[in-house]
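Report on the structure
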Amino acid sequence: MSQDSSAAATASNNNVTLTDNVTGKQATFPVRTGTQGPGVIDIRSLYAETGYFTYDPGFIATGSCESKITYIDGDNGILLHRGYPIEQLAENSDFLEVCYLLLYGELPTGEQKVKFDRGITLHTMLHEQMANFYRGFRRDAHPMAIMCGVVGALSAFYHDSTDISDPHQRMVASYRMIAKMPTIAGWAYKYSIGQPFIYPSNKLGFAENFLHMLFATPCEDYEINPVIAKAMDRILILHADHEQNASTSTVRLAGSSGANPFACISAGIASLWGPAHGGANEAVLNMLHEIGDKSNINEYIKKAKDSDDPFRLMGFGHRVYKNFDPRAKIMRETCHSVLNELGIENEPLLELAMELEKIALEDEYFVDRKLYPNVDFYSGIIFQALGIPTSMFTVLFAVARTVGWIAQWNEMIEDPSQKIGRPRQLYTGQPYRDYVPIKTRP
Ligand code: CMC
């Protein structure tokens, strides 16, 4: 096939035939269908049969794996974990039950739930030497920077769960990761504000314990408000997994080389940190502070619409959801119940956020492009209301997403068709040329 050829695809009987319009040569590829959603063209033999690679920056149309964990229908605003809709899980379940579901594929029986909760609780403490590790960071280090370092360092402390070929070790690493993440996050926060580390308390539930480690001090207990603990648990559920997003794909890619699970999750945290992904909840608050007052909203909306201006409205838009984000809908309700419980619905920054939401939902630019408020828009506002500092927002996302990362990592390791991830490229650099000695260069 020649390089300047164009190709046309036609689908028939569960396969797709690609015709090279210059040479007339044809190649047929099977279409695989899942339980829901569009089918995928299996192009694994494409290069062998045609001499072409595919080109898809940002993986807009590329499936990277087969998965049974999470299903998203972005056009209809549907999110299912192991088949269960997120709305029902957020309403009826708790975070640890969702963790069990993501890891094992089914909801637990009563007995399994008790055993699982206990199993996670028994792993909440960190190796005491890890406290020294924190002290190596600058006092004003960003908590996400601390998270990347400390989570990666877990592999130096827990050698007995790094053999990825052993299913038992993989599960121990999974429990450790889910259990220790709130402790690591709580300590990152305490370190950044110069307070002593607070140890986990095994008599508390997962979300309660996390709040305790964030807000208690050795001289004062943290009084747990059940509305806030419930809201935190719900936030964790809503962020638990989201199929092949950037950080999950990063975890899978890192893991595809056989790297240990702690290193892979650390890579996921690094990817999550970016403002286009998990960093958006922090960016929302920074943006609200920058806008400052309702009277400035129009100016910022104008900036967001200007294609020559890099400014984007943080917390709006989603790669997959082009209707609405079902998590955002639940988060919006949670947001209002938290603000109501705390009696701060009239706080100026929150009023500003609500005004921005209203304008963006009505503005033609946002409506035409289906740029709805996403989960990060509301989570940022809730975290602000709970008194959590902005720099911790993405850390909270990481605590919740850890179970998704680890479930996807386990699935990948167990997949017999798994290979090291190795994308191809369209090379546009210099063609072959001979080395020119320095003395003879122009
Ligand atoms: N503000 C202004 N314009 C936007 C925005 C925004 N937030 N998002 C997308 N657009 C415009 C974009 O300029 C483009 O316009 P045009 O067609 O005229 O060139 C059009 O909408 C399509 O955007 P895109 O960049 O092709 O969409 P994408 O799927 O590549 O990007 C996104 C998705 C989430 C990165 C993007 O919407 C964005 O940057 N949003 C703000 C950051 C944010 O809130 N991220 C959190 C995502 S949800 C949590 C998570 O999954 O991590």
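Structure shown above.
Notes on the structure follow. This structure is a prediction, so every number in the text was calculated from the model and none was measured.

**Here's the deal with helix H18 (residues 393–414)**
With 22 residues, H18 should cover 32 Å at 1.5 Å per step; its first-to-last C-alpha distance of 32 Å lies within 8% of that length. Of all bends in H18, the biggest is about 40°, found at Arg-401. Counting buried positions over the 22 residues of H18 gives 20, a clear majority of the element.

**Focus: helix H9 (residues 226–238)**
Under the 1.5 Å per step criterion, the end-to-end length of H9 is 18 Å for 13 residues, consistent within 8% with the ideal 18 Å. Lining the buried residues of H9 we find helix H2 (86–92), helix H3 (95–104), helix H8 (206–215), helix H14 (326–342), helix H17 (375–385) and H18. One side-chain oxygen at the N-terminal end of H9 lies 2.8 Å from the backbone nitrogen of Val-227; it belongs to Asn-225.

**Some remarks on the pairing of strand S5 (residues 70–73)**
Relative to strand S6 (residues 78–81), S5 runs antiparallel, the two being bridged by four bridges. Note on S6: the bridge partner recorded for Thr-70 is His-81. Between the end of S5 and the start of S6, which pair antiparallel, lie four residues, with Gly-77 showing a positive phi angle near 65°.

**Here we look at the sheet that holds S6**
With antiparallel pairing, the three strands of this open sheet are ordered in space as S5-S6-S7. Strands at the two margins of the open sheet, each flanked by one partner only, are S5 and strand S7 (84–85).

**Describing the site of the ligand**
In the vicinity of the ligand lie 20 residues, with His-277, Arg-312, Leu-313, Gly-315 and Arg-319 positioned nearest. Between the ligand and Arg-319, the relevant distance is 2.8 Å, taken from an oxygen atom to a side-chain nitrogen or oxygen of the residue. Relative to its unbound accessible area of 940 Å², the ligand is 73% covered by the protein chains. Grouping the amino acids of the shell around the ligand by side-chain chemistry returns nine nonpolar, six polar and five charged.

**A closer look at the pairing of S6**
Sheet analysis places S6 next to S7, joined by two bridges and oriented antiparallel. The residue bridging Leu-80 from the neighbouring strand is Pro-85, located in S7.

**Here we look at the environment of Val-284**
Residue placement: Val-284 occurs in helix H12 (residues 280–291). Judged by relative accessible area, Val-284 falls into the buried class, the value being 0%. Taking the C-alpha atoms as reference points, Val-284 and Lys-115, 169 residues apart in sequence, are found 39 Å from one another. Aside from chain neighbours lying at most four places away, what touches Val-284 is Met-314, Gly-315, Asp-376 and Phe-377.

**Regarding the packing of aromatic side chains**
Evaluated as defined, the whole model comprises 19 aromatic pairs. Ring centres 5.1 Å apart and planes at 45° place the aromatic pair Phe-95 and Phe-206 in the tilted group. Taken together, the positions of Phe-95 in helix H3 and Phe-206 in helix H8 put the pair 111 residues apart, joining distant regions of the chain. Summarising the burial analysis for this pair, Phe-95 and Phe-206 share the class buried. Ring plane angle 85° and centroid distance 5.2 Å describe the contact between Phe-377 and Tyr-378, whose orientation is recorded as edge-to-face. With respect to burial, Phe-377 and Tyr-378 carry one shared label: buried.

**Let's talk about the pattern of salt bridges**
When the charged atoms of two side chains lie near each other, side chains of opposite charge can form a pair. By the definition in use, this model includes 15 salt bridges. A salt bridge links Asp-160 to Arg-176; its shortest N-O distance comes to 2.8 Å. Separated by 16 residues along the polypeptide, Asp-160 in the loop between helix H6 (143–157) and helix H7 (167–193) and Arg-176 in helix H7 bring together distant segments of the chain. For Arg-176, a relative accessible area of 9% translates into the label buried. Taking the shortest distance from any N to any O, the salt bridge between Arg-327 and Asp-325 comes out at 2.9 Å. Here the salt bridges do not stand alone but share partners, grouping Arg-32, Glu-66 and Lys-68 into one network.

Criteria and thresholds
- Residues numbered from 1 in each chain as written.
- Predicted model: local features only at pLDDT ≥ 70, side-chain atom pairs only at ≥ 80, totals over all residues.
- Heavy atoms only, no water.
- Helix = DSSP H or I, 4+ residues; strand = E, 2+ residues; numbered from the N terminus.
- Expected span 1.5 Å × (residues − 1).
- Bend = angle between axes of the 7 residues up to and from the residue.
- Buried < 20%, exposed > 50% of the residue type's maximum accessible area, 1.4 Å probe, protein only.
- Contact = heavy atoms within 4.5 Å.
- Polar contact = N/O pair within 3.5 Å; in protein donor to acceptor, adjacent residues only side chain to side chain.
- Pairing = 2+ DSSP bridges.
- Near = heavy atom within 4 Å.
- Areas by Shrake-Rupley, 256 points an atom, 1.4 Å probe, with all protein chains shown as cover.
- Nonpolar A, V, L, I, M, F, W, Y, C, P; charged D, E, K, R; others polar.
- Phe/Tyr/Trp six-rings, centres within 6.5 Å; stacked < 30°, edge-to-face > 60°.
- Salt bridge = Lys/Arg side-chain N within 4 Å of Asp/Glu carboxyl O.

Don't take any of this as a statement about function, it's just geometry.
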